[in-house]
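# Structure assessment
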Amino acid sequence: MMTPKCPFCHSWLPATPAGFPVYNSLLFRDLPADKAAMMSGIKVVQAWSIWGCNPGDGKGMPTEAAVRNLVKNSCSNGDLVSLDIETWPVDPRYVTPEVFATNVGKFTTVLDWMRDEAAKENKTLRIGIYGVLPIVDWYKPLDPGPGSIKYIAWQAANAKLAVLAAKVDVIFPSMYTVDGPKDAAFGYGLTWGQAWVKSETYFIQEARKYGKPVVGFASPQYIADKTFPHFNEFMDAGTWKMELDFCRQNLDGIVLWGGWDATGSLTGTIGRMPFDA
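Residues numbered from 1 in each chain as written. Predicted model: local features only at pLDDT ≥ 70, side-chain atom pairs only at ≥ 80, totals over all residues. Heavy atoms only, no water.

## A look at the sheet that holds strand E10 (residues 253–258)
With respect to topology, four strands assemble into an open sheet ordered E2-E1-E10-E9, the strand pairing being parallel. Here the strands that pair on one side only, and so sit at the sheet edges, are strand E2 (40–41) and strand E9 (215–218). As paired strands, strand E1 (residues 22–26) and E2 are joined by two bridges and run parallel to one another. Within the sheet, the bridge partner assigned to Tyr23 lies in E2 and is Ser40. (Pairing = 2+ DSSP bridges. Helix = DSSP H or I, 4+ residues; strand = E, 2+ residues; numbered from the N terminus.)

Here it is as structure tokens:
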């Protein structure tokens, strides 16, 4: 299946204000040099980087040697690093206190190894964890909203992660759009665009409580799973511009992510974004 034609080929990355960084973690091929020059680099450390496996397989601890080798051989002085381990659940609403403590300890240990090795190599790294701080709940904070029992429980869960937030330099919330054009009906009297803005506003408010710079992961594609009708399709230009404008106004930077087609593949002609119409 071919990657859908991008409707914003020449304006997919509008000019950003001075001092607002845009980090390039796109997986598309044929990224034009002028577009790449508009972005900064970031090191996204996924499970395969330290386990040699798919992200979903990394449930145990990686070896200390693997983590240290990653810092020594793959990280440069001054790098912004996002640790992307999505198999250590830390939501205290849904895991036992023992599992919560164990997984927070895993993250803490890996971060300590990274910092120690960076110091030995005379490297200064800015490190954060993708999608953990605050807890990703997608659109659930909208139901029924601030002040509700569910919302307060979510806030309390985020507060328990302050011990982990103290270990990072940057907060990397997920800003992805799960599904739906911005003008389509979402529910609760909202369009999808309005629901995204409200939901992300709540996430950013929680992220700010940790007192660290907040750099969100955003994508011009709908990011969810294959059961959603718009899975990995490019969103329309109006939706993408709305999201970028919101990010510029409310974040300290964004990381751009994406590159798959509707089958989740990056092979063959798949994974190519037609930047030039």
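## So, the pairing of strand E4 (residues 80–84)
Across the five residues of E4, five count as buried, placing the element largely inside the fold. When strand E3 (residues 43–46) meets E4, the two strands line up parallel, connected through four bridges. Paired with Val45 across the bridge in E4 is Leu83. Where E4 lies against strand E5 (residues 126–130), four bridges are found, and the strand directions are parallel. Opposite Val81, over in E5, you have Ile127 as the bridge partner. (Buried < 20%, exposed > 50% of the residue type's maximum accessible area, 1.4 Å probe, protein only.)

## Describing the pattern of salt bridges
All chains considered together, the criterion is met by 12 salt bridges. A salt bridge links Lys120 to Asp116; the nearest nitrogen and oxygen atoms lie 3.6 Å apart. Of this pair, Lys120 and Asp116 both sit in helix H4 (residues 97–120), separated by four residues, roughly a single helical turn. Notably, a salt bridge pairs Asp245 with Lys241, separated by 2.8 Å at the nearest N-O pair. Of this pair, Asp245 and Lys241 both sit in helix H8 (residues 237–250), four residues apart, which is roughly one turn of the helix. A relative accessible area of 18% means that Asp245 is categorised as buried. Note on Lys241: relative accessible area 46%, which makes it partly exposed. Among the charged side chains, a network of salt bridges with common partners joins Glu64, Arg68, Asp116, Glu117 and Lys120. (Salt bridge = Lys/Arg side-chain N within 4 Å of Asp/Glu carboxyl O.)

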